[in-house]
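Fold and geometry: a report
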Amino acid sequence: MALGNASTSRTPTASVGGARKGSRPARYSAFDIFRRGVTHADWPRSFNEHELKKSYDVVIIGAGVHGLACAYYLAKNHGITNVAVIEKAYMGGGGSGRNTAIIRSNYLTPEGVRFYDRSVKLYEDLAVDLNYNVMFSQRGHLTLAHNDASLRTMHWRAEVNKLQGINSSVIDAKEVGKIVPYLDVTDHARYPILGALYHPPGGIIRHDAVNWGYARAAGHLGVEIHQQTEVLGIETAGGKVTGVRTSRGNISAPIVVNCTAGWASTICDMVDVKMPLVTHPLQAAVTEPVKVFLPAVIVSGSLHVYVSQTDRGELVFGASVDPYPSYSLRGSLEFTEGLATHILELIPSIGSLKLLRQWAGLCDMTPDYSPIMGITPVEGFLVDVGWGTYGFKAGPVSGEQMAQLVATGRTPELIAAFDLARFADGRLVGEKGAASVGH
Amino acid sequence: MSASGNWRIAPQPGEVIDRSQKVNFTWNGSPASGYAGDTIVSALMASGVRVMSRSFKYHRPRGVITATFFDPNCSFQVGQEPNVRGAHRMVRNGDDVNAQNAWPSLNFDIRAANQVVGRFLGPGFYYKTFIKPQKLWPAYQKVLSTFAPGGAPPAIGTPQEIFDKRFVHPDVLVAGGGPAGMAAAIEAARTGAKVILVEEEYELGGHLRYGGTESLATLAALRAEVASFDNIEVLTDSVVSGRYDDNWVGVVQRSGIWAKERMIKARVGTLVVAAGLIERPYVFEGNDLPGVMLATAALRLIGLHAVKPGTSAVVFTANSTGDEAIERLRAAGVSIARVLDARKGENVTRALGRGQVSGVEAGDGSKTSADLLITATGWTAPTSLLNMAGDRPVWNAAGARFTPSELFHSSVMAAGGIVGDGTTAELIAHGRAVGIEAASRARGEAAKPVAALIPDAHPALFQSTTVGFLDLSEDVKNKDIVSAAKEGYDSSELAKRFTTSAMGPSQGKLEMVNTMAVLAEATGRDFQSTGTTVWRPPYAPISLGALAGRVFEPDRVSPMQLWHEAHGAKDMVAAQWIRPEHYGNPQAEALNVRSNVGIIDLTPLGKLDLHGPDIVKLLNLAYTNTWDNLAVGSVRYGVMCAEDGVVMDDGVTGRLGDDHYLMTTTSSGAGNVWDWLEMWLQTVHREWQVTITPVTTALVSINVAGPNSRELLSRITDIDLDPAVFGYMKVRQGTVAGVADCIVWRIGFTGELSYEIHVPASYGLHVWETLLEVGKDLGVAPFGIEAQRILRLEKGHFIVGQDTDGLTQAYEAGLGGLVKLAKEDFSGKPELVWQEALAGNYSHLVAVETVDPLLVPAEASQIVENGNEIVGRITSSRMSPTLKRSVCLAHVPASLSTPGSRLTIVLENGDRAAAIVREDLAFVDPEGVRLRG
C-alpha cells in the first residue's frame with residue numbers, strides 16, 4: 001500500500017474475500033420482520049460503539065456516504081478491516097443527509113458519464129448488496145430546456161450519453177407533458193418548456209438509508225465508526241502520514257483518507273496540501289406532504305430549480321449554490337422566495353402547497369466542477385473531496401475506487417482523470433455544463 | 001364515529017362567534033353549519049363530529065387534541081386546497097371540507113388494517129424488507145407511495161390566486177400578541193418607536209382570551225392601550241416565519257381582503273419573541289383516541305367557541321391550567337368523572353375505547369367511564385425564532401422544559417412565558433421591561449439585561465407507558481424510539497431521522513421534547529446531553545404562493561416587437577428576450593442581406609455607457625486586448641475572459657469622447673458583464689473613476705447590413721458615410737431619420753458592409769419603418785436571428801456560449817491574436833500565459849465541411865475516433881444559402897486541427913459521416929473585401 005506513485009490499475013473483476021472479524025448482521029427480509037413481529041424479539045444493534053484504538057491500518061475522516069462506502073469496500077473487496085471512520089458529529093449528518101437524493105448519470109464529459117454510470121449500477125444493486133433497502137426509485141429524470149441555448153446543451157449531453165451507452169435522449173414539450181401532466185408545457189408560459197433531456201434510469205433514493213446501510217454493513221465486517229470524534233490534526237514525518245490527533249486521543253495510521261465536504265480544505269491544511277476549493281452553501285427545502293402527483297424528477301437550469309416528490313408525498317426542492325462563499329448552514333428567505341417563484345412558473349396550480357422546512361449544506365466547488373480524488377504530495381494522505389453538488393450521486397463508486405486505491409496503491413483508471421495534479425497540468429474535466437442546477 | 005346533536009353551550013363572555021350569522025358548508029359531502037367566527041373544527045365539534053382525520057401510517061381515527069393551528073389531527077382538504085389547518089382556519093360559507101387520509105370514508109378506512117399488522121411496521125420497517133427480489137421493488141414502491149399522507153394536490157389548471165408582498169422597517173417587531181407581547185409593544189411604542197405586533201390568531205390576547213372573567217378584563221385594558229398608539233401596527237392571523245441574518249424577518253399575513261396571503265419582509269431594529277408556551281401532550285396507551293385532549297384545547301373550545309367538548313371527563317392535571325380546565329368544563333356542563341393529580345403522584349396509563357374514548361385507566365389500575373380525557377402535563381417553549389438567532393436552549397429540570405439560553409444575538413429579545421412563568425401581572429411587567437429595552441436597543445444604545453422570569457417547578461411528565469403515540473402526525477410510538485436506540489440510532493438526530501418523529505407538519509412543536517425524553521430514558525443519558533435538534537425555518541408552514549408573491553416576470557421585448565409580430569415574425573426566447581427568429585423564410589432573408597440589404601433588430605444587445613477618466617484602465621483589465629490607443633471616433637472588438645481564462649463575453653466598444661465610451665456585450669451576458677465590471681470597480685479598484693450606466697433598453701439597436709446598406713443609410717442621415725472618412729471600425733454620431741444623437745458604427749458580424757445604429761428607444765420604430773420605406777428600391781427587408789446566425793456562420797464568426805463552453809479558454813476559441821500577454825494585467829492573464837506556452841496543444845475551434853455537401857449534421861453531434869471515443873463536437877451547423885452546402889464550426893483536438901484533417905461525425909441516428917477541416921474559419925469572403933468595402 002505505497003501511496004506515492006500515480007500508476008493506474010483496473011477495477012478488479014471479482015471481489016477479494018478478506019478476514020471478516022465482525023459479527024454477522026441480522027438479516028433483513030419480510031420473513032424476519034414477520035418473525036420478530038410475532039416473537040417481539042428486538043433487532044440487534046446495527047452500529048456498535050468502540051473504544052478508540054492506538055492504531056489503524058486506515059483512518060477515514062468523515063462518516064458521510066463517501067467515507068462509509070470507502071470503509072465498506074475496503075473491508076468487502078479487499079479484506080482490509082482495521083479501519084476507523086472518524087466523524088466529528090453523527091454519521092450522515094453533513095452533505096450525505098442534506099442533499100436532495102437525486103441519482104443520475106447523464107453527465108457531460110465522457111469521464112463523468114463513465115464514472116457516474118458505475119455509481120448508478122452500484123446503487124441499483126445496493127439494497128441486495130447491503131441487505132438494507134435504500135429505496136432507489138428510478139422514476140426518470142427530466143432536465144427542462146427553456147431556450148435554444150439550453151436545448152443545445154441537452155442535445156450535447158444526450159449525444160455524449162448515447163455514445164457511452166446511457167439511456168438519455170432529448171424529448172419535446174408534448175412528451176414532457178405526457179410524462180408529467182402537472183407541468184405547464186404551453187407556449188404562453190414566460191419561459192416556455194421547449195423540450196427536455198430525458199434520462200429514465202435517473203431517480204431518487206432514501207439518502208439516510210444509504211448512509212446507514214453502508215455503516216451497518218461496514219461495521220459488521222469489522223470497521224469501526226467513531227461518531228462525536230473530531231480530527232484536530234494530522235501527523236506526518238518525512239513527507240508521510242503517521243497518524244491523526246482526535247478529540248478522543250491520538251491514533252497512528254499510515255493511510256488517512258479525507259472524505260469530508262465543507263471542511264475538506266481545513267483538513268487538507270493540516271498537512272499543508274492546498275486545495276483549489278471554494279465552499280458555497282447549497283440550500284434545499286421541503287413541503288408538507290400531499291398525495292403523489294409528480295412522477296419524475298424535474299430540473300430546470302434556466303429557472304434554477306429542481307424538484308421531486310418523495311414516496312411520503314413531500315416535494316423536495318433545491319436550487320443552485322448560493323452565489324457567495326460561506327460556511328453558513330442557515331437558510332435564507334430569498335432562497336425560498338426564488339424557489340417558490342420558479343416552481344410556480346413550472347407548476348402553476350400548486351400555490352397553496354406549503355413549505356415546511358428549509359436547510360443548507362456545504363459544497364466544495366472546484367474550478368472545473370469535477371471532484372478531486374486520489375493521491376496528494378503527502379504520502380499516505382489521500383483525498384476524496386471537491387464534490388460540489390454531486391457528492392451523493394457518486395458515493396458508491398467513490399468508495400469503491402478509493403478503496404481500490406488504498407488496497408492496491410495504484411490509482412484506478414475510472415478516477416485517474418480526477419487527480420489533484422490536473423490543476424497544475426491543465427487537464428480539467430469540465431462538468432460545468434451539467435452542473436448549473438444539473439441535479 | 002360522531003356524537004350528533006348540538007354541543008353549543010350558552011354564550012360565553014369571551015366567545016368569538018357571531019350567533020347572528022350562520023355559516024353553511026359541507027363536511028365530507030354532507031351539509032354542515034356553524035357561526036361566523038367558528039373555525040372549521042369548532043363548527044364540526046359543535047355539531048358532534050369527533051373524528052377529524054385518519055392517521056398517516058395506521059389509519060387510526062383521530063380527533064381534536066390541541067385545537068390550535070398545529071393540531072396534528074385537524075388538517076383538511078378544503079376545495080382544491082390540501083392540508084388546511086382546520087383548528088385555525090375560519091369556516092366560510094360554501095367551504096367544501098373533507099377529511100384527509102381516509103378511504104373509502106372517514107368512518108370505514110380500509111387501510112386501518114395496518115393497525116392489525118402494526119407490530120410488523122416498526123421504525124424503518126421499509127428499510128428491512130422489499131429487498132428481494134430486486135425486480136419487484138418498483139412495484140412495491142408504487143404501492144408504498146399510495147400511502148403518502150396529506151391532502152390531494154390542487155387539480156391541474158387550478159387558477160393561481162393573488163399573493164402579495166410588502167416591505168417594512170419597524171424599530172421593534174413583536175412576535176406574539178399575548179399579554180407579554182402586547183405589553184412589550186406598548187412600552188416600545190411609548191418611547192416613540194415604530195412597532196409591529198404580530199399575532200398568529202385572529203385577535204390579540206393569547207391565553208387571556210380563554211382565561212375567564214378576570215383575564216378578559218385585563219385583556220380589554222391591554223387591547224385598549226395597544227389601540228391608543230398610532231405607532232403600533234397590529235397584524236393578526238399572521239405569523240413570524242423566520243428570523244434571518246441582520247434581523248431580516250419574514251411575516252406571513254394569512255387573511256386579507258387584497259390577497260390570499262401576503263409575505264411581509266421586515267428589517268427589524270429589535271425582534272421581541274413573545275411566543276408564549278405550547279402545551280405538551282402526554283404519552284400513554286390510547287393517547288391518540290378521539291376524546292383525549294389538552295387542557296388548553298378544552299379551554300379554547302369552551303371559551304372562544306362555546307362548544308362543549310364531551311359529556312363526562314377525566315382530567316389529569318399537573319398544573320394550574322389543568323385545574324382551571326376542571327372548573328370551566330364543569331361550568332360548561334361537562335361532568336367531571338375523576339381528577340387525577342400528578343402533583344399527588346397520580347397518573348393515567350390508558351385511554352380505553354375503540355375509535356373514541358369510553359373510559360380511562362389510572363396509574364393505580366382503577367377504571368373510570370368517560371368520553372373525554374383532558375391532560376395538563378407541561379409546556380414547551382417554542383424557541384424556534386431564538387434558535388434562528390443563535391440560541392441553544394437549555395434544559396430546566398425543575399420546570400421540566402427547555403428555556404432560552406443567553407446565546408442569541410442582542411438584536412433579539414425574549415419576553416413572557418417563553419422565558420419563564422409568572423402571574424399575568426408578572427408576565428405583563430416582563431413584557432413592559434423588554435419593550436423599553438427593545439426600543440432602546442433599536443435606537444442603537446448598548447444592550448442592558450432584563451431580569452428573566454423563572455419557570456415554576458413542574459412535574460416532569462412525558463410518558464406513563466411505552467405503547468403510546470409520540471408523534472401523531474407521523475404515527476410514531478414511543479416504543480419506536482426505544483427500538484431505534486436499541487438498533488444503534490441513539491443520537492437525537494439519528495433517532496429522529498430513523499423514526500421520522502418530529503419530521504411531520506408540526507415540525508417538533510408538540511413532540512420534540514417527548515422524543516428527547518424517551519430517547520434519554522432509553523439510552524440512560526440525561527436530558528441536556530441528549531440534546532435538542534435545531535429548529536429550522538420557517539416557524540410555520542408558508543404557502544408557495546406567498547413566498548412567490550405576484551409573479552413578476554416582465555416580458556422583455558424591443559419597442560418594435562409589435563411591428564415584428566404584425567409582419568409575420570416567428571418569436572423565440574433568447575436570453576430572457578422575446579424576439580423574432582425569422583419572418584417566414586430565414587434562408588431568403590440571409591440571401592437578401594448578401595445581395596441587397598437587410599435590417600435586424602438587435603435591441604437586446606447589452607449596452608453599457610461608460611464615463612470617467614479611468615475607462616481605459618478598466619477596459620485593459622476586462623478585455624484581453626489593448627485599449628490605450630483607441631481614438632475618439634473608433635470602435636474595437638474585444639473578448640473578456642474570466643480569471644480562469646475561459647471566454648466569458650465579447651463585443652464592440654466605441655470611443656465617443658475623451659472620457660466617454662459605449663460598450664456592447666452579448667444579449668445574454670448583459671447583466672453578467674455589468675456585475676463583473678462593477679465587481680472590479682467596487683472591490684479591487686475603488687480608486688478608478690468610472691461610472692457605468694446600463695443603457696440596453698434605453699437604446700434601440702438596428703443593424704443595416706448588405707451591399708446596399710451605405711446607399712440606404714445615406715438617404716436618411718447627415719453623417720458623411722464616405723468610406724474615406726467613415727471606414728470600417730469607426731463610429732460617428734449624428735441624425736438618422738430626423739432623430740438626433742444617434743450613434744452609428746461600422747462593424748460586420750454578418751460579413752457584409754454594415755452599420756449598427758443605436759437610437760433613443762422611443763424613436764426606434766420610427767427609424768425602423770423609415771429604413772424600410774426609403775429602401776424599397778434597394779430591396780431592403782427585415783431579417784431575424786436565424787438569418788443572422790446563418791450569415792455569421794458563413795463568415796466563420798463564433799458565438800460565445802455556443803461555439804465556446806464553460807471551459808473554452810481564449811486560445812482554444814482561436815482568439816490568440818486578441819490576447820495581449822504583454823499587458824501588465826488583465827482578467828485571465830495567468831491562465832492564458834500558461835495556455836499560450838502549450839503552443840497549440842489544446843482543442844481548437846475549426847471550420848468543417850461535410851464530405852456530403854447536403855448533409856447538415858445536428859449541432860452537438862459528436863466527433864469520434866477509434867469507434868466511440870469522443871474527441872470533439874460540432875458547435876454550429878447550418879445549410880448555407882449562399883454556398884448551397886452545409887457549413888459547420890467544431891471543436892477538435894490539436895491532432896485533428898490541421899487543415900485537411902478528416903473527421904468522423906456521429907449523426908443523430910447513429911450513422912457516421914465524414915468531414916474535412918477547412919483552411920479558414922470563414923466560408924464566405926475570407927479576405928473581408930465585402931466587409932471593409
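Criteria and thresholds
- Each chain carries its own residue numbering, running from 1 in the direction its sequence is written.
- Naming scheme: in the order in which they are written, chains are lettered from A and ligands are numbered from 1.
- Thresholds applied to this predicted model are a pLDDT of at least 70 for local features of residues and 80 or more for the giving and counting of side-chain atom pairs; totals over whole chains, interfaces and linings are not thresholded and use all residues.
- Side-chain measures were taken over the full set of non-hydrogen atoms in the model, leaving aside hydrogen atoms and water.
- Elements are defined by DSSP. Helices are runs of H or I of four residues or more, strands are runs of E of two residues or more, and each kind is numbered from the N terminus.
- Atoms considered for the radius of gyration are the C-alpha atoms alone. The globule rule reads 2.2 Å times the number of residues to the power 0.38.
- Using a 1.4 Å probe on the protein chains alone, a residue whose accessible area is under 20% of its type maximum counts as buried, one over 50% counts as exposed, and one in between counts as partly exposed.
- The criterion used for residue contact is that any of the two residues' heavy atoms lie within 4.5 Å.
- Note on areas: these come from Shrake-Rupley sampling with a 1.4 Å probe, and a residue is covered only by the protein chains present in the view.
- Only four residue types enter the tally: Lys and Arg on the positive side, Asp and Glu on the negative side, with His and both chain ends excluded.
- Note that the charge is assigned to NZ on lysines, CZ on arginines, CG on aspartates and CD on glutamates.
- Two aromatic rings, drawn from Phe, Tyr or Trp (for Trp, its six-membered ring), form a pair once their centres lie within 6.5 Å of each other, and the interplanar angle then sorts them: stacked below 30 degrees, edge-to-face above 60, tilted otherwise.
- Buried area, as used here, totals the accessible surface that two parts lose on assembly, with accessibility defined by a 1.4 Å probe and the loss added over both.
- Every case where a carboxyl oxygen of Asp or Glu lies within 4 Å of a side-chain nitrogen of Lys or Arg is listed as a salt bridge.
- As a working rule, the residues Ala, Val, Leu, Ile, Met, Phe, Trp, Tyr, Cys and Pro are called nonpolar, Asp, Glu, Lys and Arg charged, and the rest polar, with Gly in that last group.
- Here, a strand pair is defined by DSSP locating no fewer than two bridges between the strands.
- Two joining distances apply to patches: 9 Å for like charges and 5 Å for nonpolar side chains (Val, Leu, Ile, Met, Phe, Trp, Tyr), and every residue must have over 30% relative accessible area and no salt bridge.
- Here, axes are lines fitted to C-alpha atoms. For helices the fit covers the stretch in contact, and angles between N-to-C directions go from 0 to 180 degrees.
- Here the angle decides the label: under 35 degrees means roughly parallel, over 145 means roughly antiparallel, 65 to 115 means roughly perpendicular, and every other value means oblique.
- Should the near helix be turned anticlockwise from the far one by less than a right angle, the crossing is termed left-handed; should it be turned clockwise, right-handed.

1. Here's the deal with the overall build of chain B
Scanning chain B from terminus to terminus reveals 22 helices and 49 strands. Taken over the C-alpha trace, chain B has a radius of gyration of 37 Å; the compact-globule value for 933 residues is 30 Å, which it surpasses by more than 25%. Relative to its 933 residues, chain B shows a buried fraction of 62%. Within chain B, residue pairs in contact and separated by at least 24 positions form 66% of the contacts whose partners lie at least 6 positions apart. When the accessible surface of chain B is totalled, it reaches about 33800 Å², and 53% of it is carbon and sulfur. Charge separation in chain B, taken as the distance between the mean sites of 85 positive and 101 negative side-chain charges, equals 6 Å.

2. Concerning the packing of aromatic side chains
Residues and elements named next belong to chain B. As enumerated under the stated definition, the model contains 41 aromatic pairs over all chains in all. Arranged with centres 3.7 Å apart and planes meeting at 5°, the rings of Tyr489 and Phe498 form a pair that is stacked. Since its relative accessible area comes to 0%, Tyr489 is described here as buried. Taken together, a centroid distance of 5.5 Å and an interplanar angle of 80° make the contact between Trp563 and Trp768 edge-to-face. You can see Trp563 sitting in helix H14 (residues 561-566) and its partner Trp768 sitting in helix H19 (residues 764-774), a full 205 residues away along the chain. Relative accessible area serves as the criterion here: at 11%, Trp563 is assigned to the buried category.

3. Here's the deal with the interface of chain B and chain A
Across the boundary between the two partners, chain B contributes 97 residues, which contact 97 residues of chain A. Surface buried jointly by chain B and chain A totals about 8700 Å² across both partners, of which 57% is contributed by carbon and sulfur atoms. For the chain B face of the interface with chain A, the top three residues by lost area are B:Tyr127, B:Arg497 and B:Leu544, together amounting to 9%. Scanning the region where chain B abuts chain A turns up 13 salt bridges. Note that B:Lys265 is salt-bridged to A:Glu337, the shortest N-O span being 2.5 Å. Class assignment of the residues belonging to the side of chain B that touches chain A gives a composition of 46 nonpolar, 27 polar and 24 charged. With two bridges joining them, strand E18 (residues 354-365) of chain A and strand E30 (residues 542-543) of chain B adopt antiparallel strand pairing. Bridging across to E30(B), A:Leu355 finds its partner in B:Ile542.

4. Looking at a nonpolar patch on the surface
Residues A:Phe31, A:Phe34 and A:Val38 make up a contiguous nonpolar surface patch of about 320 Å² in total accessible area. In this fold, A:Phe31 is placed in helix H1 (residues 30-39).

5. A closer look at the packing of helix H7 (residues 207-220) of chain A against helix H10 (residues 492-499) of chain B
For the pair H7(A) and H10(B), interaxial distance at closest approach is 10 Å and the crossing angle is 120°. On the basis of their axis angle, the class for H7(A) and H10(B) is oblique. Crossing handedness for the pair H7(A) and H10(B): left-handed. Residues A:His207, A:Asp208 and A:Trp212 of H7(A) lie in contact with H10(B), whose contacting residues are B:Leu494, B:Arg497 and B:Phe498. The class makeup of the residues in the contact of H7(A) with H10(B) is three nonpolar, one polar and two charged.

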